[in-house]
Amino acid sequence: MKTTTTQDIIIFDGECNLCNGVVGWLLKFAPQELFNFVPFQSPKGQAYLKQYGFDTQRLDTVILIDQNGVHTHSDGFLRVVGKIEKWKRVAALLAFIPRMIRDYIYKTASKNRVRWFGNSNSCAISLK
């Protein structure tokens, strides 16, 4: 699946309250033309997951697809935050934390996100 837009693609869990909250935060701080948000539950999300070899039944990480490739876990999150002018320095500082530590924290939050933040029956972004 080729994308016809220059926007970076963010694939996220559209039924996760934490994920929807992060997307809401990004919509507030990121320029509108920067990201294309795609819930993994959508047909478009499913197509991207298949194309890049990810599980189509569940999503344990945000996935960023940009001109440099596919990025997941803490690297993906820091790349997303680093693309927002106002937050570049924060992302750069957090990048100094070793990946093993960042990914441990990220994966712990990912594993517990539904228990800690709950789940929603609908996505904050319309499924396309």
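Use the structure listed above.
Source: prediction; values computed, not measured.

### Remarks on the layout of surface pockets
Taken as a whole, the largest pocket encloses approximately 610 Å³ of empty space. Lining of the largest pocket is provided by 24 residues; of these, V22, V62, F77, Y106 and A109 occupy positions nearest its centre. Counting residues per element, the ones that place at least two in the lining of the largest pocket are β1 (8-12), α1 (17-29), α3 (73-82) and α5 (99-117). For the lining of the largest pocket, the element with the highest residue contribution is α5, accounting for 6 residues. Grouping the constituent residues of the lining of the largest pocket by class yields 17 nonpolar, 3 polar and 4 charged.

### What to know about α1
Helix length check: α1, at 13 residues, gives a terminal C-alpha distance of 18 Å against a target of 18 Å (1.5 Å per residue), a fit within 8%. Where α1 is concerned, the buried positions are C19, N20, V23 and L26. The buried residues of α1 occupy an angular sector of 120 degrees when the element is viewed end-on, so they sit on one face.

### Re the pairing of strand β2 (residues 35-39)
Moving residue by residue along a regular strand, the side chains alternate between the two faces of the sheet. Most of β2 sits out of view: 5 of its 5 residues are buried. Here β2 shows a buried face lined by F35, F37 and P39 and a second buried face lined by N36 and V38. As paired strands, β1 and β2 are joined by 5 bridges and run parallel to one another. Residue pairing for β2: F12 is matched across the bridge by P39. After leaving β1, the chain enters α1 and then returns to the sheet as β2, a path that is right-handed.

### A short note on the side chain of T61
Secondary-structure assignment places T61 in the loop between α2 (43-51) and β3 (63-66). With relative accessibility at 10%, the residue T61 sits in the buried group. For T61, the side chain forms a polar contact with the main-chain nitrogen of H73, separated by 2.7 Å. Reaching out from T61, the side chain makes a polar contact with the side chain of Y106 at a distance of 3.4 Å. When neighbours within four sequence positions are excluded, T61 is seen to be in contact with I11, T72, H73, Y106 and S110.

Cut-offs applied
Residues numbered from 1 in each chain as written. Predicted model: local features only at pLDDT ≥ 70, side-chain atom pairs only at ≥ 80, totals over all residues. Heavy atoms only, no water. 1 Å grid on protein atoms, 1.4 Å probe; cavity = no way out; pocket = protein on both sides within 12 Å on 5 of 7 lines; lining within 4 Å. Points joined across faces, edges and corners; volume = space filled by probe spheres on them. Helix = DSSP H or I, 4+ residues; strand = E, 2+ residues; numbered from the N terminus. Nonpolar A, V, L, I, M, F, W, Y, C, P; charged D, E, K, R; others polar. Expected span 1.5 Å × (residues − 1). Buried < 20%, exposed > 50% of the residue type's maximum accessible area, 1.4 Å probe, protein only. Arc of directions from axis to C-beta. Pairing = 2+ DSSP bridges. Right-handed = clockwise from strand over helix to strand, strands pointing away. Polar contact = N/O pair within 3.5 Å; in protein donor to acceptor, adjacent residues only side chain to side chain. Contact = heavy atoms within 4.5 Å.

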